[in-house]
Amino acid sequence: MTSTAASKTVFDSSGEALTHRVTVYLGGPDDGAELAMEYAATWPEATVFTAAAVRAGLIVTVDGRIRPGLRRLPRNGLRH
């Protein structure tokens, strides 16, 4: 695992670099959000997912605050 002061690179079981945190807010991104789900993703996965989520009316943020223990972004949509 490579680490810097600003961000870390986390790899999944296949060795793919998960470099972005995708946060999906249900109820809004403010402190009063009813539910916020965080996922680790590659940049291409994060951009495709975010575009689809925004079209579906969800509020999503993407940043580089990746950390060990984040679940992988589901490849076939959200299932919670």
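Residues numbered from 1 in each chain as written. Predicted model: local features only at pLDDT ≥ 70, side-chain atom pairs only at ≥ 80, totals over all residues. Heavy atoms only, no water.

*Asks:* For this particular structure, what's the right way to read the overall build of the protein?
*Replies:* Summing up its helical and strand segments, the protein has 1 helix and 6 strands in all. Its helices and strands taken in sequence order, the protein reads β-β-β-β-α-β-β from the N to the C terminus. Out of the 80 residues in the protein, the part that is buried amounts to 30%. By sequence separation, contacts in the protein at least 24 residues apart represent 61% of the contacts at least 6 residues apart. Surface summary for the protein: the accessible area is close to 5100 Å², and the carbon and sulfur share equals 53%. (Helix = DSSP H or I, 4+ residues; strand = E, 2+ residues; numbered from the N terminus. Buried < 20%, exposed > 50% of the residue type's maximum accessible area, 1.4 Å probe, protein only. Contact = heavy atoms within 4.5 Å. Areas by Shrake-Rupley, 256 points an atom, 1.4 Å probe, with all protein chains shown as cover.)

*Asks:* I tried to follow the pairing of strand S4 (residues 35–41) on my own but got confused; where do I start?
*Replies:* Successive residues of a regular strand alternate their side chains across the two faces of the sheet. Where strand S3 (residues 20–26) lies against S4, 7 bridges are found, and the strand directions are antiparallel. For Val-24, the partnering residue across the bridge sits in S4 and is Met-37. Two elements, S4 and strand S6 (residues 71–72), share 2 bridges in a ladder whose sense is parallel. Paired with Tyr-39 across the strands is Arg-71, a residue of S6. (Pairing = 2+ DSSP bridges.)

*Asks:* Just to check I follow, could you spell out the pattern of salt bridges for this structure?
*Replies:* Pairing between side chains of opposite charge can happen when the charged atoms of each approach one another. According to the stated counting rule, one finds 4 salt bridges in the structure shown. One salt bridge in this structure joins Arg-21 and Asp-63, with 2.5 Å as the shortest N-O distance. Placement of Arg-21 in strand S3 and of Asp-63 in strand S5 (residues 59–63) is noted, with a sequence separation of 42 residues between them. The exposure class of Arg-21 is buried, given its relative accessible area of 11%. Across the pair Arg-72 and Glu-45 runs a salt bridge, and its minimum N-O distance is 2.4 Å. Here Arg-72 is found in strand S6, whereas its partner Glu-45 is found in helix H1 (residues 43–55), with 27 residues between them in sequence. (Salt bridge = Lys/Arg side-chain N within 4 Å of Asp/Glu carboxyl O.)

*Asks:* I tried to follow the side chain of His-20 on my own but got confused; where do I start?
*Replies:* Take His-20: it is sitting in strand S3. Assessed through its relative accessible area of 19%, His-20 is described here as buried. Within polar-contact distance, the side chain of His-20 engages the side chain of Thr-19 at 2.8 Å. In this structure His-20 touches Tyr-39, Ala-40, Ala-41, Trp-43, Ala-46, Val-62, Asp-63 and Ile-66, once residues within four positions along its chain are discounted. (Polar contact = N/O pair within 3.5 Å; in protein donor to acceptor, adjacent residues only side chain to side chain.)

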